[in-house]
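Structural characterization, general
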Amino acid sequence: MTALFTKKGSGKTLAIVDIESGSVGAALVHLSPQEAPMLFAETRVTLPLMHTRDADALAREVERATEEALLQVSTVATQLRRHDTVSYQGDISRAAVFLAAPWARMHLSGGTADFIEPVRRSTHFTIRATLGEIPTSFHPLGTAAAHGSVLLFPDSGATIICIVGAEVSELILVSEYKVVGRATIPLGSHALLRTLISHSGMSPAEARSFVSLPRSQHDELHEPLRIAGDDFALQIEDAARDLMGLATLSGVLVVAHEPAAELIARALTRNQTLAEIFPDGGVVRAARSSRS
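Reference entry: report on the structure contained in this document. This is a predicted model, so every value here is computed, not measured. (Residues numbered from 1 in each chain as written. Predicted model: local features only at pLDDT ≥ 70, side-chain atom pairs only at ≥ 80, totals over all residues. Heavy atoms only, no water.)

Side note on the pattern of salt bridges
Where we set the bar: We count a salt bridge whenever a side-chain nitrogen from Lys or Arg sits within 4 Å of a carboxyl oxygen from Asp or Glu. Starting at the N terminus, helices and strands are each numbered in turn, a helix being any DSSP run of H or I of at least four residues and a strand any DSSP run of E of at least two. Partly exposed residues are those whose accessible area sits between 20% and 50% of the maximum for their type, while under 20% is buried and over 50% is exposed, using a 1.4 Å probe and protein chains only.
By the definition in use, this model includes 14 salt bridges. Ionic pairing is found between Glu 170 and Arg 182, a salt bridge with its closest N-O pair at 2.6 Å. Here the residue Glu 170 occupies a position in strand E9 (residues 169-175), and Arg 182 occupies one in strand E10 (residues 178-185), the gap between them amounting to twelve residues. Accessibility expressed as a relative area gives 4% for Glu 170, which makes it buried. When its relative accessible area of 21% is taken as the criterion, Arg 182 is described as partly exposed. Asp 230 is paired through a salt bridge with Arg 226; the nearest N and O atoms lie 2.7 Å apart. Taken together, the residues Asp 230 and Arg 226, both in helix H6 (residues 222-243) and four residues apart, mark about one turn of the helix. In the salt-bridge network here, residues are joined through shared partners; they are Glu 223, Arg 226, Asp 230 and Arg 270.

Structure follows, in structure tokens:
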């Protein structure tokens, strides 16, 4: 371990890339054995809400967003290298890419996955073009979510982690600190936005804004949004039933960008038949991100 770190400029800087079906995030993180992780840059590029779910068009948007996100990270790294005292923190030693469904299909053991090759290849080329020739590793987002859930809720029992993407959502069953089951549903947070657009004539930007605002039960647009959330919960319930034979389930953890995490968690709590999947009772939690 000591060979990996030098006394001067102890630690190494990594570029973290998060590729989902509705956005691409990138961050610059410095890791050191003596200090807490330091976050130098963080950005997320949102993909446009398309009228149809075309995989090729979506992959092209992912490629564009990945380049934009990495250019911002590269700019910060360049600025760090210009300062003598922190120049070493701008030297990116490697990149770690996390891909969500549908770009990755994680295996139930080993933390590995099958990746959609065009997306993996284009991401690798973009990293080389923006950050240079650095080692790059690819990982399924589900693996990171599984590890994170165990750290956040170590005594939560067998838990279904519901990773809500924009177009595709993934369910991962974690039991006794292992991933024992997996399922996907062809539905994501964009389904909520499309419901608002079709029922109100809103633009995509207006729909995104509406779901982020506090809502009144008497708001005429609250009802179609609630129905869309309930339909989402039914899809999750159906997939969860396929996993219930693998372990005695104790809860659901919804992992999503706000406000989708809260909307889906509330829809799951309204689903009365979901209780049948949890013979000993269950808890629905929403994992939220916070920004300073």
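Don't stop here, the text continues.
Side note on the packing of helix H4 (residues 190-200) against helix H5 (residues 204-212)
When two helices pack together, their arrangement is captured by the angle between the axes and the distance separating the axes. Put simply, the test is: Helix axes use the C-alpha atoms of the stretch in contact, all axes being lines fitted to C-alpha atoms, and the angles between their N-to-C directions lie in the range 0 to 180 degrees. An angle below 35 degrees is read as roughly parallel, one above 145 as roughly antiparallel, one from 65 to 115 as roughly perpendicular, and any other as oblique. In this scheme the handedness of a crossing depends on how the near helix is turned from the far one: anticlockwise by less than a right angle means left-handed, clockwise means right-handed. Any two residues whose heavy atoms approach within 4.5 Å at even a single point are treated as in contact. Put simply, Ala, Val, Leu, Ile, Met, Phe, Trp, Tyr, Cys and Pro go in the nonpolar bin, Asp, Glu, Lys and Arg in the charged bin, and everything else, Gly too, in the polar bin.
As a packed pair, H4 and H5 sit with axes 9 Å apart at the nearest point and diverge in direction by 110°. Here H4 lies roughly perpendicular to H5, going by the angle between them. For the pair H4 and H5, the sense of crossing is right-handed. Seen from H4, the contacting residues are His 190, Leu 193, Leu 196 and Ile 197; seen from H5, they are Pro 204, Ala 207, Arg 208, Phe 210 and Val 211. Split by residue class, the contact of H4 with H5 holds seven nonpolar, one polar and one charged.

Details of empty space enclosed by the protein
Test applied: Both cavities and pockets are sets of points on a 1 Å grid over the protein atoms alone; in a cavity a 1.4 Å probe fits but cannot get out, in a pocket the set is open with protein on both sides within 12 Å along at least five of seven lines, and lining residues sit with an atom within 4 Å of a point. Grid points are joined across faces, edges and corners, and a volume is the space filled by probe spheres set on the points.
Applying the stated rule across the entire model yields one cavity of 30 Å³ or more. Considering the residues around the largest cavity, the lining is formed by Glu 20, Ala 100, Ala 101, Leu 141, Ile 163, Val 164, Gly 165, Val 168, Ser 169 and Glu 170. Put simply, the parts of the chain that give the lining of the largest cavity at least two residues each are strand E8 (158-164) and E9. Of the residues contributing to the lining of the largest cavity, the split by class is six nonpolar, two polar and two charged.

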